Amino acid sequence: MKAAKGVEGRSPGRRAGDREVASRFLELLGAMKRYVREQLPPLAEGGVSEERFRTLLTLRFHGKGYLKTLAAHDGLSSSALCIMLNRMVEEGFAARTEDPDDRRNVSYELTAPGAARLQAEIERRTDLIHSRLGRFGSAEKARFAHGIEIVLSGVAKLQGTK
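Quick caveat: nothing in here was measured; it's all calculated off a predicted structure. (Residues numbered from 1 in each chain as written. Predicted model: local features only at pLDDT ≥ 70, side-chain atom pairs only at ≥ 80, totals over all residues. Heavy atoms only, no water.)

### Observations concerning the side chain of threonine 111
On the secondary structure map, threonine 111 appears in the loop between strand S3 (106-110) and helix H5 (112-132). Separated by 3.1 Å, the side chain of threonine 111 and the backbone oxygen of phenylalanine 93 make a polar contact. The contacts of threonine 111, once residues within four sequence positions are left out, are Gly92, Phe93, Ala94 and Ala95. (Helix = DSSP H or I, 4+ residues; strand = E, 2+ residues; numbered from the N terminus. Polar contact = N/O pair within 3.5 Å; in protein donor to acceptor, adjacent residues only side chain to side chain. Contact = heavy atoms within 4.5 Å.)

### As for the confidence of the model for the chain
The predicted structure's coordinates, where accompanied by low pLDDT, should not be read in detail. Counting all residues, the mean pLDDT for the chain is 84, and 87% of those residues have values of 70 or more. A low-confidence stretch, residues 1-8 stays under pLDDT 50, and its non-local contacts, those more than four residues away or across chains, total 9 contacts. (pLDDT = per-residue confidence, 0-100.)

### A word on the sheet that holds S3
A sheet is described by the order of its strands in space; here 3 strands give the open sequence S1-S3-S2, paired in antiparallel fashion. Whereas interior strands pair on both sides, the edge strands pair on one side only; in this sheet they are strand S1 (64-66) and strand S2 (94-98). Each strand axis lies, on average, 30° off the axis of its neighbour in the sheet, ignoring direction. Inspection of the sheet shows S2 paired to S3 by 5 bridges, in the antiparallel sense. Opposite threonine 97, over in S3, you have serine 107 as the bridge partner. The strands touched by helix H2 (residues 50-62) are S1, S2 and S3; relative to S3, the strand with the most contacts, the crossing angle is about 100°. Across the sheet, helix H3 (residues 67-74) is in contact with S1 and S3; its angle to S1 comes to roughly 95°. (Pairing = 2+ DSSP bridges. Axes fitted to C-alpha atoms, helices over the stretch in contact; angles between N-to-C directions.)

### Concerning the pattern of salt bridges
Inspection of the entire model under this criterion finds 5 salt bridges. Arginine 24 is paired through a salt bridge with glutamate 27; the nearest N and O atoms lie 2.9 Å apart. Taken as a pair, arginine 24 and glutamate 27 lie in helix H1 (residues 18-39) at a separation of 3 residues, close to a single helical turn. (Salt bridge = Lys/Arg side-chain N within 4 Å of Asp/Glu carboxyl O.)

### Observations regarding the environment of arginine 96
Secondary-structure assignment places arginine 96 in strand S2. Given a relative accessible area of 37%, arginine 96 falls into the partly exposed group. Distance in space between the C-alpha atoms of arginine 96 and lysine 64 is 9.4 Å, their sequence separation being 32 residues. Excluding anything up to four places from it in sequence, arginine 96 contacts Asn86, Val89, Val106, Ser107 and Tyr108. (Buried < 20%, exposed > 50% of the residue type's maximum accessible area, 1.4 Å probe, protein only.)

### Considering a nonpolar patch on the surface
Nonpolar side chains collect at one region of the surface, where Leu28, Met32 and Val151 lie side by side and expose about 220 Å² of accessible area between them. Here methionine 32 shows up in helix H1. Given a relative accessible area of 46%, methionine 32 falls into the partly exposed group. (Patch = residues over 30% accessible without salt bridge, like charges linked within 9 Å, V, L, I, M, F, W, Y side chains within 5 Å. Areas by Shrake-Rupley, 256 points an atom, 1.4 Å probe, with all protein chains shown as cover.)

### So, the packing of H2 against H5
One way to put it is that H2 packs onto H5 with a least axis distance of 10 Å and a crossing angle of 125°. In terms of orientation, H2 lies oblique with respect to H5. Relative to H5, the crossing made by H2 is left-handed. Seen from H2, the contacting residues are Glu50, Phe53, Leu56, Leu57 and Arg60; seen from H5, they are Gly114, Leu118, Gln119, Glu121, Ile122 and Arg125. Here the contact of H2 with H5 is built from residues that sort into 5 nonpolar, 2 polar and 4 charged. (Parallel < 35°, antiparallel > 145°, perpendicular 65-115°, else oblique. Left-handed = near helix turned anticlockwise from the far one by under 90°. Nonpolar A, V, L, I, M, F, W, Y, C, P; charged D, E, K, R; others polar.)

### Observations concerning the nonpolar core
One finds Leu56, Leu59, Leu70, Leu81, Leu85, Met88 and Tyr108 to be the most contacted residues of the largest nonpolar core, which totals 17 residues. Among the elements of the structure, H2, H3, helix H4 (78-91) and S3 are those that each provide at least two residues to this core. With 4 residues, the single largest contributor to this core is H4. Setting aside anything within four residues of it in sequence, one finds tyrosine 108 in contact with Leu59, Gly63, Lys64, Gly65, Leu67, Leu70, Cys82, Leu85, Asn86, Val89, Ala95 and Arg96. (Core = buried A, V, L, I, M, F, W, Y, C linked by side-chain atoms within 4.5 Å.)

Given below as C-alpha cells:
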C-alpha cells in the first residue's frame, strides 16, 4: 500500500532535502505570481497594475531614491521605470527632484496623493483576498496563516535580516 501524499506532494514524515526545498520555494513564488496576475485584476475594479503597485511600494520603502536604486529594488528596467515614474509625477503620485550639482541625478519620492493611492490599492487587494478566505475551514485557515508566518520568517532568514 502506498503512503498517502501530503499537501507538499511527498509522503508525510519524509524530510525534504535542501534542493527540494529550494525548488518548492521557487514553485511557491511562481504560484503566487500567477495568483496575483490572474485573481487580483488591476484595472477592472479601479486598481493599478502590478508594476505600478510594486513601484508605489518601493517608493514608500525607500522614502527617496534614485532611478537605478529603485529599478534594482523592483526588478524593472531603468527605462521602463523612468517612463512609469514620469507618468506618476504627472499624476501627482510621485515627486521628482534634480540634484543641483548634477542634473542627471534625479531622485523620486512618494507624495501624499501617491501614499493615499497606495493605501487604497492595499485595501482593495486585501478585500479581494479576504473575500476568498471563506473558502477555508477554520482549521485550514489557521494552518494557512501559520504557514504564511513561517514563509515570511524563512525569507527574512534567507535575506540575512533575521
